Amino acid sequence: MQAMDMFDDLLTSYLEKTCDVEPAWLQHIHRETYIKETRPHMLSGHYQGRLLAFLSKLVSPHRILEVGTFTGYATLCLAEGLAEGGEIHTIDNNVELEERVRGYFESSEWSHSIHYHIGDAVTLVPQLEGPFDLVFIDADKKNNGLYYELALEKSRRGGLILIDNVLWKGKVVGDAHDAQTQQIAALNKQLGADDRVDKLILPIRDGVYLLRKR
Ligand SMILES: C[S@@+](CC[C@H](N)C(=O)[O-])C[C@H]1O[C@@H](n2cnc3c(N)ncnc32)[C@H](O)[C@@H]1O
């Protein structure tokens, strides 16, 4: 193992020990995702999950939108901050996960607050009615620009938009020329100059863009 990787592992473990514990239902999803899925690292995980829950509790949202449900880990983190009677809409196009993820949602305390939509987010996001107080964009990166514009249009003033994986393993600050890195770097540049929002990137895990609608 390289020294930098060892430091990253130690730091991650330290950050996980010094934040709130991962709730039991999330530990269960975490474990099953790592046993059953081929790309389990897509799940937000303990530390980023606590960040999502923390931000959601600060916003106390009535309406949340998540683009990219995967196994529902982040959905349940975000749901922790829902205001009384609030709801979260989450979208994924992976039909194979539907039964298991519905099971997680139905056995949670937010079973009546979660609206799980199966289909292409490019088609479904425009059909969802706003306004949203909190949006988490974490699906196909090539459509992030589109999801961001739709999220902004459907957000209330002061609403928070989060975009995951914006540092792309640090490649956005290097000289990587692959199309995916260039596209993420181009959107970051565009967002950095967008005067419709307050914004900053939190260098947590793969980078989370925080954007607050002015
Ligand atoms: C990184 S994972 C989401 C992880 C989840 N938000 C979490 O933090 O635990 C990305 C998900 O987006 C879904 N996805 C990719 N493209 C999509 C699209 N066009 N419409 C809907 N879902 C999509 C994938 O099926 C995958 O489950």
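Here goes a summary of the coordinates provided. Every value quoted in this text rests on a predicted model; they were computed, and no experiment measured them.

About the cut-offs
Residues numbered from 1 in each chain as written. Predicted model: local features only at pLDDT ≥ 70, side-chain atom pairs only at ≥ 80, totals over all residues. Heavy atoms only, no water. Helix = DSSP H or I, 4+ residues; strand = E, 2+ residues; numbered from the N terminus. Rg over C-alpha atoms; globule rule 2.2 N^0.38 Å. Buried < 20%, exposed > 50% of the residue type's maximum accessible area, 1.4 Å probe, protein only. Contact = heavy atoms within 4.5 Å. Areas by Shrake-Rupley, 256 points an atom, 1.4 Å probe, with all protein chains shown as cover. Lys, Arg positive; Asp, Glu negative; His and termini not counted. Charge placed at Lys NZ, Arg CZ, Asp CG, Glu CD. Salt bridge = Lys/Arg side-chain N within 4 Å of Asp/Glu carboxyl O. Polar contact = N/O pair within 3.5 Å; in protein donor to acceptor, adjacent residues only side chain to side chain. 1 Å grid on protein atoms, 1.4 Å probe; cavity = no way out; pocket = protein on both sides within 12 Å on 5 of 7 lines; lining within 4 Å. Points joined across faces, edges and corners; volume = space filled by probe spheres on them. Pairing = 2+ DSSP bridges. Axes fitted to C-alpha atoms, helices over the stretch in contact; angles between N-to-C directions. Near = heavy atom within 4 Å. Sits in = over half its atoms within 2 Å of the grid points. Nonpolar A, V, L, I, M, F, W, Y, C, P; charged D, E, K, R; others polar. Phe/Tyr/Trp six-rings, centres within 6.5 Å; stacked < 30°, edge-to-face > 60°. Lys NZ or Arg CZ within 6 Å of the ring centre and 35° of its normal. Core = buried A, V, L, I, M, F, W, Y, C linked by side-chain atoms within 4.5 Å.

**A closer look at the overall build of the protein**
Then comes step 1: Assigned secondary structure in the protein consists of eight helices and seven strands.
Then comes step 2: Relative to the 2.2 N^0.38 estimate, which gives 17 Å for 214 residues, the radius of gyration of the protein is 17 Å and therefore close to what a compact globule would have.
Then comes step 3: Counting only C-alpha atoms, the protein reaches 45 × 40 × 30 Å along its principal axes.
Then comes step 4: Sorting the 214 residues of the protein into buried and exposed places 49% on the buried side.
Then comes step 5: The long-range share in the protein, meaning contacts at least 24 apart out of those at least 6 apart in sequence, stands at 67%.
Then comes step 6: Within the structure as shown, the protein displays about 11,300 Å² of accessible surface, and the carbon and sulfur contribution to it stands at 54%.
Then comes step 7: For the protein, the centre of its 23 positive side-chain charges and the centre of its 32 negative side-chain charges are spaced 4 Å apart.

**Quick notes on the side chain of Glu-22**
Then comes step 1: Along the polypeptide, Glu-22 turns up in the loop between α1 (3-17) and α2 (24-36).
Then comes step 2: One buried charge, Glu-22, has no salt-bridge partner; the nearest side chain with opposite charge is Arg-50, at 7.1 Å.
Then comes step 3: Side-chain polar atoms of Glu-22 contact the side chain of His-30, separated by 2.9 Å.
Then comes step 4: Discounting chain neighbours no more than four positions away, the residues touching Glu-22 are Gln-27, His-30, Gly-45, His-46 and Tyr-73.

**Here we look at the layout of surface pockets**
Then comes step 1: Put simply, the largest pocket is a space of about 1,500 Å³.
Then comes step 2: In terms of lining residues, the largest pocket is bounded by 47 residues, among which His-41, Met-42, Asn-165, Arg-205 and Asp-206 are the most central.
Then comes step 3: Elements represented by at least two residues in the lining of the largest pocket include exactly α1, α2, α3 (46-59), β1 (63-67), α4 (73-79) and β2 (87-92).
Then comes step 4: Per element, the largest residue contribution to the lining of the largest pocket is six residues, and it comes from α1.

**So, the sheet that holds strand β5 (residues 155-164)**
Then comes step 1: Spatially, β3-β2-β1-β4-β5-β7-β6 is the arrangement adopted by the seven strands of the open sheet, whose pairing is mixed. Strand pairing shows two members of the sheet lacking a second neighbour, β3 (114-118) and β6 (197-202), which therefore form its edges. Adjacent strand axes in the sheet meet at a mean angle of 15 degrees when their direction is disregarded.
Then comes step 2: In the sheet, β1 pairs with strand β4 (residues 132-137) via four bridges, with the strands oriented parallel. The partner of Ile-64 across the bridge, within β4, is Leu-134.
Then comes step 3: Contacts from α3 reach β1, β4, β5, β6 and β7 (208-213), with the element oriented near 180 degrees to β5.

**Describing the site of the ligand**
Then comes step 1: Every one of the 20 residues lining the ligand counts as a neighbour, but Ser-44, Gly-68, Asp-92, Ala-121 and Asp-138 are closest to it.
Then comes step 2: Between the ligand and the protein, one listed contact pairs a nitrogen atom with a backbone N or O atom of Ala-121 at 2.8 Å.
Then comes step 3: Mapping the ligand onto the cavity grids shows that it belongs to the largest pocket.
Then comes step 4: Among the residues forming the shell around the ligand, the class breakdown is nine nonpolar, six polar and five charged.

**Focus on the packing of aromatic side chains**
Then comes step 1: All chains considered together, the criterion is met by two aromatic pairs.
Then comes step 2: An angle of 85 degrees between the planes, with centres 5.4 Å apart, marks the rings of Phe-105 and Tyr-116 as edge-to-face. Linking Phe-105 in helix α5 (residues 98-106) with Tyr-116 in strand β3, this pair joins segments that are eleven residues apart in sequence.
Then comes step 3: Under the relative-accessibility criterion, Phe-105 is labelled buried at 4%.
Then comes step 4: Look at Tyr-116 and you get buried, because its relative accessible area is 8%.
Then comes step 5: The ring of Trp-168 carries the charged tip of Lys-169 above its face, separated from the ring centre by 6.0 Å.

**So, the pattern of salt bridges**
Then comes step 1: All told, the structure shown has 13 salt bridges when counted by the stated rule.
Then comes step 2: Here Arg-50 and Glu-80 are joined by a salt bridge, their closest N and O atoms 2.7 Å apart. Residue Arg-50 is found in helix α3, and its partner Glu-80 is found in the loop between α4 and β2; the two are separated by 30 residues along the sequence.
Then comes step 3: A relative accessible area of 10% means that Arg-50 is categorised as buried.
Then comes step 4: Among the charged side chains, a salt-bridge network with shared partners connects Arg-50, Lys-57 and Glu-80.

**A few points about the nonpolar core**
Then comes step 1: If you look at the biggest cluster of nonpolar residues, it comprises 31 residues, and the most contacted ones within it are Ile-29, Leu-52, Leu-76, Leu-78 and Leu-162.
Then comes step 2: The set of elements that each furnish at least two residues to this core consists of α2, α3, α4, α5, β3, β4, β5 and β7.
Then comes step 3: Element by element, the count of residues in this core is highest for α4, at six residues.
Then comes step 4: Of all hydrophobic cores here, the second largest spans 23 residues; its members include Leu-128, Phe-132, Leu-150 and Ile-161.

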